[in-house]
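Analysis of the macromolecular model
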Amino acid sequence: MGNTVAREDFEWVYTDQPHADRRKEILAKHPEIKALMKPDYNLIWVVVLMVLAQLTAFYLVKDLDWKWVVFWAYVFGSCISHSMTLAIHEISHNSAFGNCKAMWNRWFGIFANLPLGLPYSISFKRYHMDHHRYLGGDGIDVDIPTNFEGWFFCTRFRKFIWIVLQPFFYAIRPLCINPKPISRLEIINLLAQLAFDVVIYYLWGVKSIFYMLAGSVLGLGLHPISGHFIAEHYMFLKGHETYSYYGPLNLLTFNVGYHNEHHDFPNIPGKSLPLVKKIAAEYYDNLPQYNSWIRVLYDFVMDDTISPYSRMKRQLKGEVKQD
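This structure is a prediction, so every number in the text was calculated from the model and none was measured.

What counts, and at which threshold
Residues numbered from 1 in each chain as written. Predicted model: local features only at pLDDT ≥ 70, side-chain atom pairs only at ≥ 80, totals over all residues. Heavy atoms only, no water. Helix = DSSP H or I, 4+ residues; strand = E, 2+ residues; numbered from the N terminus. Contact = heavy atoms within 4.5 Å. Buried < 20%, exposed > 50% of the residue type's maximum accessible area, 1.4 Å probe, protein only. Polar contact = N/O pair within 3.5 Å; in protein donor to acceptor, adjacent residues only side chain to side chain. Phe/Tyr/Trp six-rings, centres within 6.5 Å; stacked < 30°, edge-to-face > 60°. Lys NZ or Arg CZ within 6 Å of the ring centre and 35° of its normal. UniProt positions renumbered as here; feature names shortened; annotations may be inferred.

What to know about the side chain of Asp141
Here Asp141 shows up in the loop between helix 5 (121–133) and helix 6 (147–152). Ignoring anything within four residues of it in the chain, the contact list for Asp141 reads His131, Tyr134, Leu135, Gly136 and Arg311.

Observations regarding the side chain of His82
For His82, the position within the fold is in helix 3 (residues 66–92). Among the residues examined, His82 registers a relative accessible area of 0% and is labelled buried. Here the side chain of His82 touches His228 through a polar contact of 2.8 Å, side chain to side chain. Not counting residues up to four positions away in its chain, the partners in contact with His82 are Gly219, Leu220, Ile225, Ser226, His228 and Phe229.

Focus on the environment of Ser95
By secondary structure assignment, the location of Ser95 is in the loop between helix 3 and helix 4 (102–113). By relative accessible area, Ser95 is classed as buried at 4%. Residues Ser95 and Ile268, 173 residues apart in the sequence, show an inter-C-alpha distance of 7.5 Å. When sequence neighbours within four positions are dropped, the list of residues in contact with Ser95 reads Pro39, Asp40, Leu43, Glu90, Asn105 and Pro269.

Focus: the packing of aromatic side chains
In the structure shown here, the tally under the stated rule is 25 aromatic pairs. Judged by centre distance (5.3 Å) and plane angle (70°), the ring pair of Phe168 and Phe169 falls under edge-to-face. Judged by relative accessible area, which is 46%, Phe168 ranks as partly exposed. Taking the ring centre of Trp104 as reference, the NZ or CZ of Lys101 above it sits at 4.3 Å. It is Arg311 that lies over the ring of Tyr234; its NZ or CZ is 4.9 Å from the centre.

As for unusual backbone geometry
The backbone of Asn94 sits at a positive phi, close to 60°, despite the residue not being glycine. With respect to the secondary-structure elements, Asn94 resides in the loop between helix 3 and helix 4. For Phe254, which is not glycine, the phi dihedral falls at a positive 55°. Examined against the element boundaries, Phe254 turns out to sit in the loop between strand 2 (244–245) and helix 12 (259–264).

Remarks on the UniProt feature "transmembrane region" (unreviewed entry) in the chain
The positions UniProt marks with the feature "transmembrane region" (unreviewed entry) are residues 43–61, 68–87, 107–124, 187–204 and 210–231. Across residues 43–61 one finds 100% helix and 0% strand; the C-alpha atoms that close the span lie 27 Å apart. Secondary structure content for residues 210–231 is 68% helix and 0% strand, while the C-alpha to C-alpha distance between its ends is 29 Å.

Pasting the structure below:
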């Protein structure tokens, strides 16, 4: 089922990530971009509606045949669940209430987490900030696959399985690469999630719980939206570390596809990233970009030169400050 790829290690680089320098350059040339550095209060209402939509779905699936529970978990629940993880991504950057109300964002992230079924929001925030500060940092950035993933998932069939198992690897990778002490907020996130799951089970039974958990797992695995996991930083072109996607699925994902723009300006909400691209078009139009996440998934599996090893890695120098 495919040949072993030639790459046997990550692409080690000895330069800083490009985003900080480009941000300084763009702000010097386009200072009006600073006006976009403000909360997106519409995000609050979108998240509330998404939670209500899932609560409605939990109720509607409780008496369906199992085949329809599975069907709706993949067709509808997976989309909402994956979209919610990207709302949590927005909230982790304090996009809902702003930096001046950081704790409001943490509590809101725990609320947004509820229909996913598994605690995620607080831990994601801790590790995601490291991803921005130390992109590709060895032993720090847990977005980088482990050496085992790069070594083992090296054929077409195994890469396909790796995509299916993405939720599993994203869950265990922090424990392997950069374990951190459990925080008080993570315990609160866990307890709130357990309480919510118990209430859903008590009210509507096992089918609602299955729909909730299956939607989260399926949505983060073999799913068109999951193409963004690979599209963002896997090195399809040598020397290019971050890639943007400008296709229609940005409408469901809070513009996470605008990934060069996001790493350049992580304090600008996803809603405004298309404006960043429009204002500073000369910086983004000629960068490598995608228009199909499905094509990204296909190319990742079928291209024998691409594997989990296709990531830039760097040894960090100086003091490393983590959340």
